[in-house]
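Coordinate inspection notes
Residues per chain are reported as follows:
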Amino acid sequence: MNPLQALLRLVKALLLGTLALLLVFEEWGWDTLSALIGWIARLPLLAWLERRIRALPPWAALLMFTVPALALLPVKLGALWLFSQGHAALGLVLLLGAKLLGTAVLARLFHLTQPALMQLAWFARWYPRWKAWKDRLLAYVRDSAPWRAARAF
């Protein structure tokens, strides 16, 4: 194997490892945080809002699901700016807070909009493929020695 191939393998492994860690966090947070938001959504105003979101047509549901994800981008960039200014702890708190809030909101919105999203032909075609790929990656992570060691600890 030449040095370029070795470097590409290393970069691929690092990217997949990082993606796997993000997916493991999101997998944990997806159900847990969505249930928490669902519990909070019992409040009359939020329950009304959820009913409205469930009734959205497919493209409006896609917009409803996408806008919050994009809205958190400036917050995450702010966290990176804090890192660059030497405020690592504050940047980390902001980044983790944005990740938790974003995962909670997106999980709940996906739960509410998935039936409408599945009416979009491209979404209905690609979502099962994404889910299958993600499930295989998570299974690989859960079968790995570091994961088993961490679970045993």
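Our subject is the structure that appears above.
Scope of this entry: the structure provided in the associated data block. (Residues numbered from 1 in each chain as written. Predicted model: local features only at pLDDT ≥ 70, side-chain atom pairs only at ≥ 80, totals over all residues. Heavy atoms only, no water.)

A closer look at the overall build of the chain
Along its length, the chain carries 7 helices and 0 strands. Across the chain, helices and strands are ordered from the amino to the carboxyl terminus as α-α-α-α-α-α-α. Considered along the principal axes of its C-alpha atoms, the chain spans approximately 60 × 40 × 35 Å. For the chain, contacts bridging at least 24 residues in sequence account for 70% of all contacts bridging at least 6. When the accessible surface of the chain is summed, it comes to about 10,800 Å², and 73% of that surface belongs to carbon and sulfur atoms. If the 17 positive side-chain charges of the chain are averaged to one point and the 6 negative ones to another, these points end up 4 Å apart. (Helix = DSSP H or I, 4+ residues; strand = E, 2+ residues; numbered from the N terminus. Contact = heavy atoms within 4.5 Å. Areas by Shrake-Rupley, 256 points an atom, 1.4 Å probe, with all protein chains shown as cover. Lys, Arg positive; Asp, Glu negative; His and termini not counted. Charge placed at Lys NZ, Arg CZ, Asp CG, Glu CD.)

Comments concerning the nonpolar core
In terms of nonpolar packing, the biggest core is built from 13 residues, with F65, F110, L117, L120 and F123 touching the most fellow members. Every element with two or more residues in this core is listed here: α3 (58–71), α5 (88–117) and α6 (121–143). For this core, the element with the highest residue contribution is α5, accounting for 6 residues. For F65, the residues in contact, after removing those within four places along its chain, are L106, L109, F110 and T113. (Core = buried A, V, L, I, M, F, W, Y, C linked by side-chain atoms within 4.5 Å. Buried < 20%, exposed > 50% of the residue type's maximum accessible area, 1.4 Å probe, protein only.)

Details of the packing of α6 against helix α7 (residues 145–152)
Closest axis-to-axis distance for the α6/α7 pair is 5 Å, and the angle between their directions is 65°. Across from V141, R142 and D143 in α6, the residues of α7 making contact are A145, W147 and R148. In terms of residue class, the contact of α6 with α7 is made up of 3 nonpolar, no polar and 3 charged. (Axes fitted to C-alpha atoms, helices over the stretch in contact; angles between N-to-C directions. Nonpolar A, V, L, I, M, F, W, Y, C, P; charged D, E, K, R; others polar.)

Focus on the pattern of salt bridges
Under the definition given, this model contains 2 salt bridges. R108 is the partner of E50 in a salt bridge, and the nearest nitrogen-oxygen pair spans 2.7 Å. Within this pair, whereas E50 is found in helix α2 (residues 44–54), its partner R108 is found in helix α5, the two being separated by 58 residues in sequence. One exposure class covers both E50 and R108, and it is buried. Across the pair D135 and K131 runs a salt bridge whose closest N-O atoms are separated by 3.4 Å. Residue D135 and its partner K131 are both found in helix α6; the two are separated by 4 residues, about one turn of the helix. Classification of K131 by relative accessible area gives partly exposed; the value is 29%. (Salt bridge = Lys/Arg side-chain N within 4 Å of Asp/Glu carboxyl O.)

What to know about a nonpolar patch on the surface
On the surface, a nonpolar cluster with roughly 800 Å² of combined accessible area is contributed by L36, W39, I40, L43, L45, L46, W48 and L49. Going through the elements one at a time, α1 (3–40) and α2 are the ones with two or more residues in the nonpolar patch. Mapped onto the elements, W48 comes out in helix α2. Overall, the relative accessible area of 42% leaves W48 in the partly exposed class. (Patch = residues over 30% accessible without salt bridge, like charges linked within 9 Å, V, L, I, M, F, W, Y side chains within 5 Å.)

Side note on the side chain of T113
Tracing the sequence through the fold places T113 in helix α5. Classification of T113 as buried rests on a relative accessible area of 0%. In contact with T113, not counting residues within four places along its chain, are I53, A61 and F65.

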